[in-house]
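# Geometric and topological summary
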Amino acid sequence: MRLTRYTDYALRTLIYVGLREPKQSSIAEIARAYGISESHLTKVVHQLGRLGLIQTIRGRGGGLRLAKPPAEIVVGAVVRETEDDLALVECFSAGSCAITAPCRLRRALGEALAAFLAVLDRYTLADLLGGSEGDEIARLLGLSPPMGVAAALEPEEKSV
(Lines give C-alpha, C1' and ligand atoms only; values in the text may rest on other atoms or scores of the structure.)
Protein backbone atom coordinates (compact mmCIF):
# COMPACT_ATOMS: atom_id res chain seq x y z
CA MET A 1 0.00 0.00 0.00
CA ARG A 2 1.40 3.37 -0.94
CA LEU A 3 -0.19 6.62 0.18
CA THR A 4 -0.25 9.63 -2.09
CA ARG A 5 1.97 12.63 -1.51
CA TYR A 6 -1.22 14.56 -0.68
CA THR A 7 -2.01 12.27 2.28
CA ASP A 8 1.63 12.33 3.36
CA TYR A 9 1.55 16.13 3.41
CA ALA A 10 -1.73 16.11 5.32
CA LEU A 11 -0.31 13.87 8.04
CA ARG A 12 2.94 15.84 8.22
CA THR A 13 0.99 19.10 8.46
CA LEU A 14 -1.06 17.77 11.37
CA ILE A 15 2.12 16.62 13.12
CA TYR A 16 3.79 20.01 12.66
CA VAL A 17 0.76 22.00 13.78
CA GLY A 18 0.23 19.63 16.70
CA LEU A 19 3.82 20.04 17.85
CA ARG A 20 3.48 23.85 17.71
CA GLU A 21 0.31 23.96 19.83
CA PRO A 22 -0.70 26.26 21.42
CA LYS A 23 1.22 28.54 19.04
CA GLN A 24 -0.03 29.05 15.51
CA SER A 25 1.80 27.78 12.46
CA SER A 26 1.98 29.07 8.91
CA ILE A 27 1.99 27.27 5.59
CA ALA A 28 5.37 28.86 4.80
CA GLU A 29 6.88 27.51 8.05
CA ILE A 30 5.57 24.01 7.42
CA ALA A 31 6.72 24.00 3.80
CA ARG A 32 10.16 25.22 4.82
CA ALA A 33 10.49 22.67 7.63
CA TYR A 34 9.67 19.74 5.35
CA GLY A 35 11.17 21.14 2.15
CA ILE A 36 7.88 20.88 0.26
CA SER A 37 5.92 23.14 -2.07
CA GLU A 38 3.78 25.88 -0.49
CA SER A 39 1.26 25.64 -3.31
CA HIS A 40 0.70 21.91 -2.74
CA LEU A 41 0.54 22.49 0.99
CA THR A 42 -2.05 25.24 0.58
CA LYS A 43 -4.43 22.76 -1.07
CA VAL A 44 -3.83 20.25 1.72
CA VAL A 45 -4.44 22.83 4.45
CA HIS A 46 -7.64 23.94 2.72
CA GLN A 47 -8.99 20.38 2.81
CA LEU A 48 -7.87 19.85 6.42
CA GLY A 49 -9.82 22.99 7.27
CA ARG A 50 -12.93 21.74 5.44
CA LEU A 51 -12.61 18.44 7.33
CA GLY A 52 -12.60 20.31 10.64
CA LEU A 53 -9.08 19.24 11.56
CA ILE A 54 -7.29 22.57 11.11
CA GLN A 55 -8.55 25.99 12.08
CA THR A 56 -7.30 28.78 9.85
CA ILE A 57 -7.08 32.26 11.33
CA ARG A 58 -6.87 35.03 8.74
CA GLY A 59 -5.25 38.42 8.93
CA ARG A 60 -2.32 39.80 10.81
CA GLY A 61 -1.24 37.40 13.51
CA GLY A 62 -3.19 34.64 11.79
CA GLY A 63 -2.10 31.11 11.14
CA LEU A 64 -3.06 27.49 11.59
CA ARG A 65 -4.09 25.62 14.71
CA LEU A 66 -5.63 22.26 15.36
CA ALA A 67 -9.41 22.49 15.37
CA LYS A 68 -9.75 19.61 17.83
CA PRO A 69 -7.56 17.89 20.41
CA PRO A 70 -4.87 15.57 19.00
CA ALA A 71 -6.48 12.59 20.74
CA GLU A 72 -9.61 13.11 18.60
CA ILE A 73 -7.78 13.08 15.25
CA VAL A 74 -7.67 9.45 14.09
CA VAL A 75 -4.94 8.64 11.57
CA GLY A 76 -7.09 6.11 9.67
CA ALA A 77 -9.86 8.69 9.23
CA VAL A 78 -7.37 11.23 7.88
CA VAL A 79 -6.09 8.67 5.37
CA ARG A 80 -9.63 7.79 4.24
CA GLU A 81 -10.50 11.48 3.77
CA THR A 82 -7.34 12.50 1.94
CA GLU A 83 -6.80 9.52 -0.36
CA ASP A 84 -8.63 9.91 -3.66
CA ASP A 85 -8.73 6.22 -4.35
CA LEU A 86 -8.07 3.34 -1.99
CA ALA A 87 -8.75 0.81 -4.75
CA LEU A 88 -5.67 -1.39 -4.69
CA VAL A 89 -6.52 -3.01 -8.00
CA GLU A 90 -8.77 -2.19 -10.95
CA CYS A 91 -11.59 -4.51 -9.88
CA PHE A 92 -12.08 -2.54 -6.64
CA SER A 93 -13.41 0.40 -8.64
CA ALA A 94 -15.28 0.80 -11.90
CA GLY A 95 -12.67 -1.17 -13.81
CA SER A 96 -13.35 -4.66 -15.04
CA CYS A 97 -11.45 -7.90 -15.00
CA ALA A 98 -12.37 -11.18 -16.65
CA ILE A 99 -11.89 -13.13 -13.40
CA THR A 100 -13.47 -10.72 -10.87
CA ALA A 101 -16.32 -12.97 -9.68
CA PRO A 102 -14.29 -16.00 -8.53
CA CYS A 103 -11.02 -14.17 -7.83
CA ARG A 104 -9.46 -14.89 -4.44
CA LEU A 105 -6.82 -12.22 -4.99
CA ARG A 106 -9.52 -9.55 -4.86
CA ARG A 107 -10.75 -10.91 -1.51
CA ALA A 108 -7.21 -11.16 -0.13
CA LEU A 109 -6.39 -7.59 -1.17
CA GLY A 110 -9.70 -6.40 0.29
CA GLU A 111 -8.79 -8.01 3.61
CA ALA A 112 -5.32 -6.51 3.47
CA LEU A 113 -6.71 -3.00 2.88
CA ALA A 114 -9.20 -3.42 5.74
CA ALA A 115 -6.38 -4.57 8.05
CA PHE A 116 -4.17 -1.65 6.99
CA LEU A 117 -6.91 0.87 7.79
CA ALA A 118 -7.81 -0.92 11.03
CA VAL A 119 -4.24 -0.51 12.26
CA LEU A 120 -4.25 3.19 11.36
CA ASP A 121 -7.59 3.56 13.18
CA ARG A 122 -5.84 2.55 16.41
CA TYR A 123 -3.60 5.63 16.25
CA THR A 124 -4.42 9.26 16.91
CA LEU A 125 -2.40 12.39 16.32
CA ALA A 126 -1.71 12.38 20.07
CA ASP A 127 0.05 9.02 19.66
CA LEU A 128 2.24 10.48 16.91
CA LEU A 129 3.16 13.52 19.01
CA GLY A 130 3.79 11.85 22.36
CA GLY A 131 6.88 10.67 24.13
CA SER A 132 10.49 11.43 23.43
CA GLU A 133 9.86 10.85 19.72
CA GLY A 134 7.62 13.94 19.63
CA ASP A 135 10.39 16.06 21.12
CA GLU A 136 12.89 14.59 18.63
CA ILE A 137 10.58 15.33 15.69
CA ALA A 138 10.13 18.89 16.96
CA ARG A 139 13.90 19.29 17.15
CA LEU A 140 14.39 17.91 13.63
CA LEU A 141 11.78 20.34 12.29
CA GLY A 142 13.58 23.27 13.88
CA LEU A 143 10.92 23.83 16.51
CA SER A 144 13.30 24.62 19.27
CA PRO A 145 12.91 24.66 22.04
CA PRO A 146 10.39 21.85 21.66
CA MET A 147 6.96 23.00 22.72
CA GLY A 148 6.75 20.16 25.23
CA VAL A 149 4.36 17.82 23.51
CA ALA A 150 3.23 16.46 26.86
CA ALA A 151 2.04 19.94 27.80
CA ALA A 152 -0.02 20.15 24.62
CA LEU A 153 -1.62 16.78 25.30
CA GLU A 154 -2.40 17.27 29.00
CA PRO A 155 -4.49 19.94 30.67
CA GLU A 156 -2.58 22.76 32.34
CA GLU A 157 -2.16 22.56 36.09
CA LYS A 158 -3.10 25.73 37.83
CA SER A 159 -1.24 26.75 40.96
CA VAL A 160 -3.19 28.30 43.77
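Below is a summary of the structure that appears in this document. From a predicted model like this one, the values you see are computed outputs, not experimental measurements.

### Description of the overall build of the chain
Broken down by element type, the chain carries 8 helices and 2 strands. Shown N-terminal to C-terminal, the secondary structure of the chain runs as helices and strands in the order α-α-α-β-β-α-α-α-α-α. In the chain, which comprises 160 residues, the proportion classed as buried is 33%. Counted over contacts in the chain with a minimum sequence separation of 6, partners at least 24 positions apart contribute 63%. Just so you have it, the chain exposes about 10,000 Å², and 52% of that area is on carbon and sulfur atoms.

### Overview of the pattern of salt bridges
Evaluated as defined, the whole model comprises 4 salt bridges. Put simply, Glu 21 and Arg 65 hold a salt bridge, and the shortest N to O gap is 2.9 Å. Taken together, the residues Glu 21 in the loop between α1 (5–20) and α2 (27–34) and Arg 65 in strand β2 (residues 63–66) connect sequence positions 44 residues apart.

### A few points about the environment of Ser 39
Within the secondary structure, Ser 39 sits in helix α3 (residues 38–50). Looking at Ser 39, the relative accessible area reads 48%, which means it is partly exposed. Engagement of the side chain of Ser 39 in a polar contact is seen with the side chain of Ser 37, the distance being 2.9 Å.

### Section: the pairing of β2
The side chains of a regular strand alternate between the sheet's two faces. Two strands pair when backbone bridges link them, and strand β1 (residues 54–57) and β2 are joined in this way by 4 bridges, in the antiparallel orientation. Each bridged residue has a counterpart across the sheet, and for Ile 54 the counterpart in β2 is Leu 66. The antiparallel hairpin formed by β1 and β2 contains 5 residues in its connecting segment, where Gly 59 sits at a positive phi of about 85°.

### Observations concerning α1
In a regular helix each residue adds 1.5 Å, so 16 residues correspond to 22 Å; α1 covers 22 Å between its end C-alpha atoms and thus fits that length. Burial runs high along α1: 12 of the 16 residues are buried. Along α1, the residues that are buried comprise Thr 7, Tyr 9, Ala 10, Leu 11, Thr 13, Leu 14, Ile 15, Tyr 16, Val 17, Gly 18, Leu 19 and Arg 20.

The rules behind each value
Residues numbered from 1 in each chain as written. Predicted model: local features only at pLDDT ≥ 70, side-chain atom pairs only at ≥ 80, totals over all residues. Heavy atoms only, no water. Helix = DSSP H or I, 4+ residues; strand = E, 2+ residues; numbered from the N terminus. Buried < 20%, exposed > 50% of the residue type's maximum accessible area, 1.4 Å probe, protein only. Contact = heavy atoms within 4.5 Å. Areas by Shrake-Rupley, 256 points an atom, 1.4 Å probe, with all protein chains shown as cover. Salt bridge = Lys/Arg side-chain N within 4 Å of Asp/Glu carboxyl O. Polar contact = N/O pair within 3.5 Å; in protein donor to acceptor, adjacent residues only side chain to side chain. Pairing = 2+ DSSP bridges. Expected span 1.5 Å × (residues − 1).

Read these as geometric descriptors, not functional statements.
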